[in-house]
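Examination of the molecular architecture
Listed below are the residues making up each chain.
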Amino acid sequence: MMAGNKAEEDGQALAEKGDLSFLETSALEAYNIEKAFHTILMEIYHIISKKALAAQEAASALPGQGTTVNVSDASGDQRRGCCST
């Protein structure tokens, strides 16, 4: 996000070049100052939320939390070890 003074005529064009949003402000008249801070905080919140959600999804896909697989012989043929009676 780019915030620019009311007298800044090239601000909008510069913001568009940088793929940024633009908000015209005036510190002298307190115009859009609070809105600029609110917008920046909301953008930060959305970015952090997306990253947290992606990390949560990646953690749930880790191995070791799946189902148990039984690898015993299903044929019914029971074999005994060399020392069994």
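To continue, consider the overall build of the protein chain. Helix and strand counts for the protein chain stand at two helices and two strands. Listing the helices and strands of the protein chain from first to last along the sequence gives β-α-β-α. Burial statistics for the protein chain: of 85 residues in total, 11% are counted as buried. Taking the contacts inside the protein chain whose residues are at least 6 apart along the sequence as the reference set, 11% of them involve residues at least 24 apart. When the accessible area of the protein chain is evaluated, it comes to approximately 7,700 Å², of which 56% is carbon and sulfur surface.

What follows concerns unusual backbone geometry. Backbone geometry at Asp19 places phi at a positive 55°, although glycine is not the residue there. Its location among the elements puts Asp19 in the loop between helix 1 (11–17) and strand 2 (22–25). Relative accessible area serves as the criterion here: at 71%, Asp19 is assigned to the exposed category. With a phi angle near 55°, Ala30 is a residue other than glycine that sits in the positive phi range. Of note, Ala30 is situated in the loop between strand 2 and helix 2 (33–60). Residue class for Ala30 comes out exposed when judged on its relative accessible area of 56%.

Assignment of secondary structure puts Ser26 in the loop between strand 2 and helix 2. Within the structure, Ser26 has its side chain in polar contact with the backbone nitrogen of Glu29 (distance 3.2 Å).

Moving on to the environment of Ser49. Examined against the element boundaries, Ser49 turns out to sit in helix 2. Since its relative accessible area comes to 30%, Ser49 is described here as partly exposed.

The subject of this paragraph is a nonpolar patch on the surface. The grouping of Ile40, Leu41, Ile44, Ile47 and Ile48 at the surface amounts to a nonpolar patch, some 470 Å² of accessible area in total. When you line up the elements, Leu41 lands in helix 2. Residue Leu41 is classed as exposed on the basis of its relative accessible area of 57%.

Parameters and conventions
Residues numbered from 1 in each chain as written. Predicted model: local features only at pLDDT ≥ 70, side-chain atom pairs only at ≥ 80, totals over all residues. Heavy atoms only, no water. Helix = DSSP H or I, 4+ residues; strand = E, 2+ residues; numbered from the N terminus. Buried < 20%, exposed > 50% of the residue type's maximum accessible area, 1.4 Å probe, protein only. Contact = heavy atoms within 4.5 Å. Areas by Shrake-Rupley, 256 points an atom, 1.4 Å probe, with all protein chains shown as cover. Polar contact = N/O pair within 3.5 Å; in protein donor to acceptor, adjacent residues only side chain to side chain. Patch = residues over 30% accessible without salt bridge, like charges linked within 9 Å, V, L, I, M, F, W, Y side chains within 5 Å. Salt bridge = Lys/Arg side-chain N within 4 Å of Asp/Glu carboxyl O.

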